[in-house]
Amino acid sequence: MGFKYNRVILKISGEVLGGEKEGLDSEVFKYLSQEIISVYKLGLKIGIVIGGGNIIRGNITDWFNRIDADLCGMVGTIINGIILSSLLKERKVDVYLRSNLEVKGVVPRFNLLEDKILYDRGAVMIFVGGTGSPLFTTDTAAAIKACEMNADLLIKGTKVEGVFSDDPFKTKNVRFYHRIKFQEVIDKNLKVMDASAFNICKEANIPICVYNLMKYPLKKIIAGERIGTLIT
Ligand code: UDP
């Protein structure tokens, strides 16, 4: 199999990690670790940015302070990352967990110079803690990591097939986009990622692929097969 991309960042949405419910689905975590191993074994460069929506989302938590809820959300991504890295370590993968939010004794802080060397070497990097600041999202963290690691593709792994003209669960006759330009996404006001994440990729000219993470092999996305939506 030839590969179109060699340096990728995979954003794993928190909603995937809970399976059918919220919380942690062991089968999903095991499946994802195998998917990551399939790419790692090929010698491709891969960094993972993990969401935390399966644990807590700051923007929809209304019974305590938003900033505190966001801190909890970022800590949630650390929990997800510890589990994923544990499963990968068990399988003898060269894996490093790094956080933008320091939790001393639990996870080391991200260090661009050192961690890019590890990424370039082909180690699996798991980036957690989001951006380290409240009021942001892990999509934005993933876009920043894609720039920092000089990635040639940002992959957003979700529960949906890709980008539609409207919500396919609410509207009939929606159009599915296999390929679309950044500007068209803006003009048509389509939902891909939050605006800051989207703009970072647009400015840096890093293509984004949105696809159903549980349905298609990650390898095929990296090979450039016509799966999901590719934004260029
Ligand atoms: N979060 C944050 N700053 C960040 C990234 C995440 O405060 O830079 C918090 C925020 O509360 C968010 C939660 O962590 O709702 C989980 O992240 P996100 O919603 O991006 O995860 P996903 O949508 O992938 O499940």
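Just above sits the structure.
Here the structure is a predicted model, which is why all the values come from computation and not from measurement. (Residues numbered from 1 in each chain as written. Predicted model: local features only at pLDDT ≥ 70, side-chain atom pairs only at ≥ 80, totals over all residues. Heavy atoms only, no water.)

Engineer: Talk me through the packing of aromatic side chains; I want residue IDs and the actual numbers.
Structural biologist: Throughout the structure, instances matching the rule amount to 4 aromatic pairs. Ring geometry for W63 versus F64: centroids 4.8 Å apart, planes at 75°, classification edge-to-face. The exposed category is assigned to W63, whose relative accessible area is 70%. Looking at F64, the relative accessible area reads 28%, which means it is partly exposed. Seen in terms of ring centroids, F182 and F198 are 5.3 Å apart; in terms of plane orientation they differ by 70°. Their pairing is edge-to-face. Taken together, the positions of F182 in helix α6 (residues 182-187) and F198 in helix α7 (residues 195-204) put the pair 16 residues apart, joining distant regions of the chain. The same class applies to F182 and to F198, which are both buried. Across the ring face of F110, the terminal group of K145 is positioned such that the distance to the ring centre comes to 3.7 Å. Note that K145 overlies the ring of F127, its terminal NZ or CZ placed 5.3 Å from the centroid. (Phe/Tyr/Trp six-rings, centres within 6.5 Å; stacked < 30°, edge-to-face > 60°. Buried < 20%, exposed > 50% of the residue type's maximum accessible area, 1.4 Å probe, protein only. Helix = DSSP H or I, 4+ residues; strand = E, 2+ residues; numbered from the N terminus. Lys NZ or Arg CZ within 6 Å of the ring centre and 35° of its normal.)

Engineer: Summarise a nonpolar patch on the surface; cite the residues concerned and give the values.
Structural biologist: Together, L24, I55, V75 and I79 line one region of the surface with nonpolar side chains, adding up to about 300 Å² of accessible area. Mapping I79 onto the fold places it in helix α3 (residues 66-90). (Patch = residues over 30% accessible without salt bridge, like charges linked within 9 Å, V, L, I, M, F, W, Y side chains within 5 Å. Areas by Shrake-Rupley, 256 points an atom, 1.4 Å probe, with all protein chains shown as cover. Salt bridge = Lys/Arg side-chain N within 4 Å of Asp/Glu carboxyl O.)

Engineer: Summarise the sheet that holds strand β9 (residues 208-212); cite the residues concerned and give the values.
Structural biologist: Pairing is mixed in the open sheet, where 8 strands are placed in the order β3-β4-β2-β1-β5-β9-β10-β8. In this open sheet, the two edge strands, each paired with only one partner strand, are β3 (95-99) and β8 (179-180). Each of β1 (7-12), β2 (45-50), β3 and β4 (124-128) touches helix α4 (residues 112-121); the most contacted strand, β1, lies at about 105° to it. (Pairing = 2+ DSSP bridges. Contact = heavy atoms within 4.5 Å. Axes fitted to C-alpha atoms, helices over the stretch in contact; angles between N-to-C directions.)

Engineer: Requested: an account of the layout of surface pockets, with residues and values cited.
Structural biologist: Estimates place the volume of the largest pocket at around 1100 Å³. If you go around the largest pocket, you meet 44 residues; those closest to its centre are R57, D139, K156, V192 and M193. Of all the secondary-structure elements, those providing two or more residues to the lining of the largest pocket are α1 (14-17), α3, α5 (138-148), β5 (153-158) and β6 (163-164). A total of 6 residues in the lining of the largest pocket trace back to one element, the largest contributor, which is α3. When the residues that make up the lining of the largest pocket are grouped by side-chain class, the tally is 15 nonpolar, 18 polar and 11 charged. (1 Å grid on protein atoms, 1.4 Å probe; cavity = no way out; pocket = protein on both sides within 12 Å on 5 of 7 lines; lining within 4 Å. Points joined across faces, edges and corners; volume = space filled by probe spheres on them. Nonpolar A, V, L, I, M, F, W, Y, C, P; charged D, E, K, R; others polar.)

Engineer: Explain the nonpolar core residue by residue, including any values.
Structural biologist: Formed by 39 residues in total, the largest nonpolar core has its most connected members in I48, L84, L88, V124, I126, I155 and Y211. For this core, the element with the highest residue contribution is helix α2 (residues 26-40), accounting for 6 residues. When residues no more than four places from it in sequence are discounted, the contact partners of V124 are I36, Y40, I46, I48, L88, V93, D94, V95 and Y96. V49, M125, A143 and I208 belong to the second largest nonpolar core, which has 30 residues in total. (Core = buried A, V, L, I, M, F, W, Y, C linked by side-chain atoms within 4.5 Å.)

Engineer: I'd like to hear about the pattern of salt bridges, residue by residue, with values.
Structural biologist: All told, the structure shown has 11 salt bridges when counted by the stated rule. Between K188 and E184 there is a salt bridge whose closest N-O contact spans 2.9 Å. Among the residues examined, K188 registers a relative accessible area of 39% and is labelled partly exposed. We classify E184 as partly exposed; its relative accessible area is 28%. Each member of the salt-bridge network shares a partner with another, and the members are K11, D139 and K156.

Engineer: Tell me about the packing of α2 against α3, residues and numbers included.
Structural biologist: Closest axis-to-axis distance for the α2/α3 pair is 9 Å, and the angle between their directions is 60°. With respect to α3, the axis of α2 lies oblique. α2 and α3 meet at a crossing whose hand is right-handed. Here F29, K30, L32, S33, I36 and I37 of α2 come into contact with α3, specifically with N80, I83, L84, L87 and L88. (Parallel < 35°, antiparallel > 145°, perpendicular 65-115°, else oblique. Left-handed = near helix turned anticlockwise from the far one by under 90°.)

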